[in-house]
Amino acid sequence: MNPLYNYLLKLADDSFIMGQRLSAWCGEGPYLEEDIALTNIALDELGQANNFYAYASRLLDDGKSEDDIAFLRYEHEYVNAHWTELPNEDYAQTILKVYVFAVYQKLMYEALSNSANEELAAIAQKSLKEVKYHYTHAASWMKIFAQGTEESKSRLVKAIENIWEYTKGLFAKTEGEDDLVALNIAPNTDALYEEFLAITQKDFADFQLEYPTNPFMQPKSRTGYHTEYFGYILCELQYMQRAYPGCTW
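Structure report, in brief. Because the structure is predicted, anything quoted here is derived from the model rather than measured. (Residues numbered from 1 in each chain as written. Predicted model: local features only at pLDDT ≥ 70, side-chain atom pairs only at ≥ 80, totals over all residues. Heavy atoms only, no water.)

## Describing helix 7 (residues 150-163)
The first and last C-alpha atoms of helix 7 sit 20 Å apart over 14 residues, in line with the 20 Å expected at 1.5 Å per residue. Residues of helix 7 that are buried include every one of Ser152, Leu156, Ala159, Ile160 and Ile163, and no others. An end-on view of helix 7 places all buried positions within 100 degrees of arc, on one side of the element. With respect to the buried face of helix 7, the exposed residues turned more than 90 degrees away are Glu150, Lys158 and Glu161. (Helix = DSSP H or I, 4+ residues; strand = E, 2+ residues; numbered from the N terminus. Expected span 1.5 Å × (residues − 1). Buried < 20%, exposed > 50% of the residue type's maximum accessible area, 1.4 Å probe, protein only. Arc of directions from axis to C-beta.)

Take a look at the structure:
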């Protein structure tokens, strides 16, 4: 399989699944302005996914459209990080998911903006403008939860305890990714992870939150193995295309 195609799927699948997860809050947000804000973040993620899927479709050039790639693969063919498919749970866990994902994407897109691949760099530069807002929004809410009421802080702490072990999976590599790093097409995610640790540690100090110290991290992200939640997401995503093959809007 083409390493660049694998890499495009990694970027697209992350945004696609994260956008799908966040879209579940549409009409369910704590108040109208926040409902709209989170829905817009979900739409940004889906738009980014579409750009990467469209490039992947042109690269593969086998007659499959970006919609075919997005909706008509089997579970083991998706290479998104486990972080994106974790459940929303309450609003504290959702904000934690958005915050961590925004830090990751901000680092990724900043690096990809200087990619030797001009098309990849262009998509990253456009996406980076959106992700900077996602980071600012989520970081603000992290601080509000941490420094708000006793209950808001306890919910955020519980969310960190429940899912932090999935964070490193965002930086897992796809097959052939090291070849792209050598060609200056993709950044080295090992270095990005070190930057991620530095940024989140600084932010947690600002939030007045204790930084997680458990070294254990869940393996298997981007290998085709998924959490128990992924099958349910795929059923929702693929229903229309499976029930009405070839349907278009």
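## Overview of the environment of Tyr166
By secondary structure assignment, the location of Tyr166 is in the loop between helix 7 and helix 8 (177-182). For Tyr166, a relative accessible area of 16% puts it in the buried group. Non-local contacts of Tyr166, meaning those with residues more than four positions away in its chain, are made with His82, Trp83, Leu86, Met217, Gln218 and Thr227. (Contact = heavy atoms within 4.5 Å.)

## Topic: helix 9 (residues 189-207)
Taking 1.5 Å per residue as the helical rise, helix 9 with its 19 residues ought to reach 27 Å, and the 26 Å between its terminal C-alpha atoms agrees with that figure. Against helix 1 (3-23), helix 5 (91-112), helix 6 (118-146), helix 7 and helix 8 lie the buried residues of helix 9. Backbone nitrogen of Asp190 and a side-chain oxygen of the N-cap are separated by 2.9 Å at the start of helix 9; the cap is Asn188. In the segment just after helix 9, Gln208 is the residue with positive phi, at about 65 degrees. (Polar contact = N/O pair within 3.5 Å; in protein donor to acceptor, adjacent residues only side chain to side chain.)

## Thoughts on the environment of Asp35
With respect to the element layout, Asp35 can be found in helix 2 (residues 32-60). Assessed through its relative accessible area of 11%, Asp35 is described here as buried. In this structure, the C-alpha to C-alpha distance between Asp35 and Ser23, residues 12 residues apart in sequence, is 9.9 Å. With near-sequence residues (within four places) excluded, Asp35 lies in contact with Trp25, Cys26, Gly27, Glu28 and Gly29. Looking at Asp35, its side chain comes within polar contact range of the main-chain nitrogen of Gly29, at 2.9 Å.

## So, the side chain of His134
As for its placement among the helices and strands, His134 is situated in helix 6. Not counting residues within four places of it along the chain, the set of residues in contact with His134 comprises Ile41, Asp44, Glu45, Gln48, Val98 and Ala102.

## Focus on the packing of aromatic side chains
The description of an aromatic ring pair rests on the distance of the ring centres and on the angle between the ring planes. Summed over all chains, the structure comprises 20 aromatic pairs. Both rings, one in Phe204 and one in Tyr211, keep their centres 5.1 Å apart while their planes meet at 75 degrees; by these two values the pair is edge-to-face. Taking the relative accessible area as the measure of exposure, Phe204 reaches 1% and is therefore buried. Ring-pair connections join several aromatic residues into one group, and the members of that group are Tyr99, Phe101, Tyr104, Tyr135, Trp164, Phe171, Tyr193, Phe196, Phe204, Phe207 and Tyr211. Against the face of Tyr225 rests Lys220, its NZ or CZ located 5.1 Å from the ring centre. Positioned above the aromatic ring of Tyr74, the side-chain terminus of Arg242 is 5.8 Å from the ring centre. (Phe/Tyr/Trp six-rings, centres within 6.5 Å; stacked < 30°, edge-to-face > 60°. Lys NZ or Arg CZ within 6 Å of the ring centre and 35° of its normal.)

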